[in-house]
Structures are given as structure tokens and as C-alpha cells.
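Coordinate inspection notes
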Protein chains: 2
Amino acid sequence: MAPRVSEDYKNRKRLELLRAAKQVFMKKGYTRTTMQDIMDEAGVSRGALYAYFDNIEHVYRELLRHEDEQELHFFDPDDTSTAWQQLTSWIQKQKKEIEAIERSLLLANSEFFLSIHSQPENESRRYLTDRYQRMAEAIVDFVQTGTARMELQPRLPAESIALYLISFIDGLMLDTFQLGPEKTRVSAQIDVLLFSLKEMLCPVEETASPS
Amino acid sequence: MAPRVSEDYKNRKRLELLRAAKQVFMKKGYTRTTMQDIMDEAGVSRGALYAYFDNIEHVYRELLRHEDEQELHFFDPDDTSTAWQQLTSWIQKQKKEIEAIERSLLLANSEFFLSIHSQPENESRRYLTDRYQRMAEAIVDFVQTGTARMELQPRLPAESIALYLISFIDGLMLDTFQLGPEKTRVSAQIDVLLFSLKEMLCPVEETASPS
DNA sequence: TTGAAAAACGACATTAGTGTCGTTTATAAT
DNA sequence: ATTATAAACGACACTAATGTCGTTTTTCAA
């Protein structure tokens, strides 16, 4: 169907394979997904898939990279809303994703993270370390911007708060896999998180009418 | 070495197998551990191991049960220290365990939890659900006891706080696997947690000298 | 002692996946 | 049309684990 093809063709094919992989990973998680599953979902042969990716770890890494590109800009400075509004809207987004956990990559992500742990210095390992630190830094920057704008008055180091926020979200995720969003009371927990962040960041109250 | 043996013998053997299993699980986590690994560590044959456990999932479930028996009594009422002291000492214990993550079962636990997710209604699944709820309940009871004793004045529902606490600890754990306790700044994050709990629970200050 | 019971052994059949590679097939340039 | 190229195919050899089961060994009771 395609010898001596353009870069563009290969790019599209690659994306199509990643799309198929995503489907499978969402359904089966990382550990139980096989190359065969992805071939079946994409409707291609063994040879075709292996022409694009060396092994499953590679597939997942590339998928993660691709997905991250979307996510990345959430904490970009934004002048139309306050720092606090921006933060809560990010948290709402996370909440939504956790509540629809079956239709997200969160399970696969966690499995992938754990599977990497034992490996020596490694492409995937490096990427994940980086990813974590990028995320943390984004939140730190964002807290500092908010502080500079006098919208926030942090009572703890921004970095600690950032890592804390990430930990909590990751943990809520992990627990929700096993038990479902009802048993873990996602909503109630998010309320607690917001309460604690308010205490830490002391956002200035937004009054409905600036009189 | 032991036909027609006493219940006691079988019990000891079983414990010895679990001890060996624990060693392996600490080192390799859950997913990568095989029955073979456990046989080697315990120095027994395939047949012997399978006489006690049906499969790895079964081994791990029994190990977890056994380990839990120890842990369980941490939140029992205690008249020699205040509720807040008790809580912080539990958190310290968690912190220690996370910092020595390589010598604990935490990684294996997380992997096990995730591996269970996909399974249908299941012995392991039921046990984990139960375990989570037992833990939550223990913390709730404990907060309520503290409240009754006038040592705590919770500003949020005890159950929400309990689940929140569990989520955070689980998340910190998960992140620390990938990155090690330095990169996740375990200490700093625990500080944030304590800060937030103080705000939620409003423990009465302990004065050094009740004058 | 001795022999029945069952604990422990370990070879084996089975299952499930991986990554390779010789072959087939579609495409685009000539 | 023809043909060089390389994409796609899929059989295959290999690896690694699982759970079973006939055999061997050990212990305890008679």
C-alpha cells in the first residue's frame, strides 16, 4: 500500500498507529497490552508496527509525548482570569478526568510509571523525570506570577505546594482505579484539596461587584 | 521433609514461604516477580510452593493480609498521647517508609493494586476495597475521638479528611518510586501535609507547662 | 521396624508473548 | 508499461512463564 512514500504519509501512519495504541491502552492499561492488541486495533501486520516502534515501551513513550504536547500550555500566563481561577479550573479538569477514569490514559500512565521504576538509566526514565519536573515548575511559575500580581500570598514555599498538589492528584487517581470514583468520593476530596490550597495560598477574595 | 505433619508445621512452612516472597517482592515489585523467584528464594520446589498457594496473586494477597495484621492497631485509642500527636507519629512512620522505599513493599503494593483493577469481582479486589475502607474508617474514628476529647475541632467532614490523607500518602508514594525521595522532596511535602491538616483539624496547642 | 500418608520434588506440556526476516505487494519515477 | 524501492505481511524460532502430575522421599503411627 505504500513503498517510497512521502514523509507526510509516514507521519500520518504513525499517528494512526498511536491513535490505535491509545484506544487499547485506555481499555487494557499498560501492563496487559500487547503488540498484538495494537496490531489488531490498527488493522496492520506485525511487520508494519515494528517498522515504526521497537517495542511496547517505545510505543507508550511516544504516545505520552504526543499527549503531553496538548496538555502543556495549561499554565501559560493568562490575563483574562486570576491565578486562583486558573488553578481551580485546572483542578476541575483533573477531577473530570479522574471521574471518567475508564476513558482516560491515567491507569496506563500509572502502570507505565511503575514499570519504569526498576529499569536502569533509560530513555523512558529520563522522560518521566523531566515530565514531573516540568509539571512542578509550571505550577511554581504560576504561583509566583500570581504572587507578583498580588493575587496570592503563599504561606509555604511554592515548590513544596506544587509537589504536594501533584502527589495528591496522583494518589486520588491511584485509589480511584481500584475503587471507582464513588467509593473514593472524588468530589469531597477535591473540596478538601481546595480548602487546603486556599489556606496555603490565601487568594484575594473576588468580589462580584467592585464598588 | 514432612508428610503427615502437624498443623503447626504447615503454619510455620507457610510463614517461611511468605517471608521469602516478601523478600522477592521488595526487591522486584509485584509485576516482575515470578513463582520461580519465590521458589529460589525459599529454596523449595515448584510442587511445594503450589501446595500452599494457587498462583502469585494468591501469594501476594496472603502476604498483604499478614502484613496488615501488624499495621492494624496503630489507630487504636491511646490515652498517653493526644490525637494530634498520634496522627503526626503515624505520618512520620509513613514518611520513613517512603524514604526507605526500596526496603518496603510499597512498590509491590501499588503494582498489585493496579493489576487488580481490571479483574472482575474477585477475592483480591474485595480485600483491597475492604482494606481501603478499614483504613479510612480507622482515621475517621480517630478524628472523632479526638473531637470528643476536645483536642480537635475539624472544619471539614472527618471522612473527607481521612480519604484526602490516604490519597496524598498514596500519591507521594507513587511519585517517589519513579524519582526517588530527593527529587520528590518527601520532607517538604510532609510539611505541607501537616500544615494543611492543622488548618483542617485545629488541634489545640500543647503548652509545655500547664500553669 | 515397617508401611501408609502426604510433603516435596522436578520434568513436562501448555500458553502467550516477543522480535526477526524472507516474501509479497503497492507505489511512484522513468 | 516497466521496474526499483521499500512498506506491509505473516510464518517462525525463541523465550519465559504457568500449572499439573507421576515419582521420590520423609515422617509418624502402629
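Look above for the structure.
The sections below set out a description of the structure shown in this document. (Residues numbered from 1 in each chain as written. Chains lettered and ligands numbered in written order. Predicted model: local features only at pLDDT ≥ 70, side-chain atom pairs only at ≥ 80, totals over all residues. Heavy atoms only, no water.)

**Details of helix α8 (residues 158–183) of chain B**
All names here are of chain B. With 26 residues, α8 extends only 31 Å from end C-alpha to end C-alpha; this falls clearly short of the ideal 38 Å at 1.5 Å per step. The sharpest bend along α8 comes to roughly 100°, located at Phe-177, with the proline Pro-181 sitting one to four residues further on. With 22 of its 26 residues buried, α8 lies for the most part within the structure. Phi turns positive, to about 50°, at Arg-185, one or two residues after α8. (Helix = DSSP H or I, 4+ residues; strand = E, 2+ residues; numbered from the N terminus. Expected span 1.5 Å × (residues − 1). Bend = angle between axes of the 7 residues up to and from the residue. Buried < 20%, exposed > 50% of the residue type's maximum accessible area, 1.4 Å probe, protein only.)

**As for helix α9 (residues 186–201) of chain A**
All names here are of chain A. For α9, built from 16 residues, the straight-helix expectation of 22 Å at 1.5 Å per residue is met to within 8% by its first-to-last C-alpha distance of 22 Å. When you tally the buried positions in α9, you get 13 out of 16 residues, the bulk of the element. Cys-202, located one to two residues past α9, shows a positive phi value of around 45°.

**Section: the relation of the copies chain A and chain B**
Turning chain A through 180° and shifting it by 0.0 Å along the axis lays it on chain B, with an RMSD of 0.1 Å. Here the symmetry operator amounts to a two-fold rotation axis. Every residue of chain A has its C-alpha some distance from the rotation axis, and the shortest such distance is that of A:Gly171, at 1.7 Å. Comparing interface residues between copies, 100% of those in chain A also lie at the interface in chain B; the contact surface is shared. (Least-squares fit on C-alpha atoms with pLDDT ≥ 70 in both. Contact = heavy atoms within 4.5 Å.)

**Examining the state of the cysteines**
What the rule picks out here adds up to zero disulfides over all chains. The cysteine A:Cys202 is free of any disulfide, with B:Cys202 supplying the nearest cysteine sulfur at 15 Å. Look at A:Cys202 and you get partly exposed, because its relative accessible area is 26%. (Disulfide = S-S within 2.5 Å.)

**Focus: the packing of aromatic side chains**
Think of a pair of aromatic rings as described by two things: how far the centres are apart, and how the planes are tilted against each other in angle. Applying the stated rule across the entire model yields 12 aromatic pairs over all chains. An angle of 80° between the planes, with centres 4.8 Å apart, marks the rings of B:Phe25 and B:Tyr60 as edge-to-face. Here B:Tyr60 lies in helix α4 (residues 56–71) and B:Phe25 lies in helix α1 (residues 7–28), a separation of 35 residues in the sequence. Considered together, B:Phe25 and B:Tyr60 belong to a single accessibility category, that of buried residues. Counting every residue linked through ring pairs, the aromatic cluster contains A:Phe25, A:Tyr30, A:Tyr60 and A:Phe112. One Lys or Arg, A:Arg65, reaches over the ring of A:Tyr127 and ends 4.9 Å from the middle of that ring. (Phe/Tyr/Trp six-rings, centres within 6.5 Å; stacked < 30°, edge-to-face > 60°. Lys NZ or Arg CZ within 6 Å of the ring centre and 35° of its normal.)

**Overview of the pattern of salt bridges**
A full pass over the atoms with the stated rule returns 37 salt bridges over all chains. As a salt-bridge pair, B:Arg65 and B:Glu62 come within 3.5 Å of each other at their nearest N and O atoms. Highlighted residues: B:Arg65 and B:Glu62, both in helix α4, separated by three residues, approximately one helical turn. Because the salt bridges share partners, they merge into one network encompassing A:Arg14, A:Glu62, A:Arg65, A:Glu121, A:Glu123 and A:Arg126. (Salt bridge = Lys/Arg side-chain N within 4 Å of Asp/Glu carboxyl O.)

**Some remarks on the interface of chain A and chain B**
Contacts between the two partners involve 44 residues from chain A, matched on the other side by 44 residues from chain B. Sorting the residues of chain A by area buried against chain B places A:Leu114, A:His117 and A:Gln178 first, and these three jointly supply 16% of that buried surface. Here chain A is connected to chain B by four salt bridges. A:Arg155 serves as the salt-bridge partner of B:Glu199, at 3.6 Å between the closest nitrogen and oxygen. At the boundary of chain A with chain B, the tally comes to seven residue pairs in polar contact (both at pLDDT 80 or more). Breaking the side of chain A that touches chain B down by element, the ones donating at least two residues are α6 (106–117), α7 (123–148), α8 (158–183) and α9 of chain A. It is α8(A) that contributes the most residues to the side of chain A that touches chain B, 17 residues altogether. When grouped by side-chain class, the residues that make up the side of chain A that touches chain B number 20 nonpolar, 13 polar and 11 charged. (Buried area = accessible area lost by both parts, 1.4 Å probe. Polar contact = N/O pair within 3.5 Å; in protein donor to acceptor, adjacent residues only side chain to side chain. Nonpolar A, V, L, I, M, F, W, Y, C, P; charged D, E, K, R; others polar.)

**Here we look at the environment of A:Glu57**
Residue and element names in this part refer to chain A. Looking at the secondary structure, you find Glu-57 in helix α4 (residues 56–71). Remark: the alpha-carbon pair of Glu-57 and Ile-116, spanning 59 residues in sequence, is separated by 9.0 Å. Polar contacts involving the side chain of Glu-57 include one to the side chain of Asn-122, which spans 3.4 Å.

**Some remarks on the packing of helix α5 (residues 83–99) of chain A against α8(A)**
How two helices pack is summed up by the angle between their axes together with the distance between the axes. Residues and elements named next belong to chain A. Where α5 meets α8, the axes come as close as 10 Å, and the angle between the chain directions of the two elements is 25°. Taken as axis vectors, α5 and α8 run roughly parallel relative to one another. Judged by the twist between their axes, the crossing of α5 over α8 is right-handed. Contacts between α5 and α8 involve Leu-87, Trp-90, Ile-91, Gln-94, Ile-98 and Glu-99 on the former and, on the latter, Leu-165, Ile-169, Leu-172, Met-173, Thr-176 and Pro-181. Here the contact of α5 with α8 is composed, by residue class, of nine nonpolar, two polar and one charged. (Axes fitted to C-alpha atoms, helices over the stretch in contact; angles between N-to-C directions. Parallel < 35°, antiparallel > 145°, perpendicular 65-115°, else oblique. Left-handed = near helix turned anticlockwise from the far one by under 90°.)

**Observations concerning the nonpolar core**
Membership of the largest hydrophobic core comes to 84 residues, with the highest contact counts inside it found for A:Leu197 and B:Leu197. Beyond its immediate stretch of four places on either side in the chain, B:Leu197 contacts B:Trp84, B:Leu87, B:Ile91, B:Ile161, B:Tyr164, B:Leu165 and B:Cys202. (Core = buried A, V, L, I, M, F, W, Y, C linked by side-chain atoms within 4.5 Å.)

**So, the side chain of B:Glu199**
Looking at the secondary structure, you find B:Glu199 in helix α9 (residues 186–201). Given the relative accessible area of 17%, B:Glu199 is considered buried. B:Glu199 has contacts with A:Arg155, A:Phe195, A:Glu199 and B:Arg155, leaving out every residue within four places of it along the chain.

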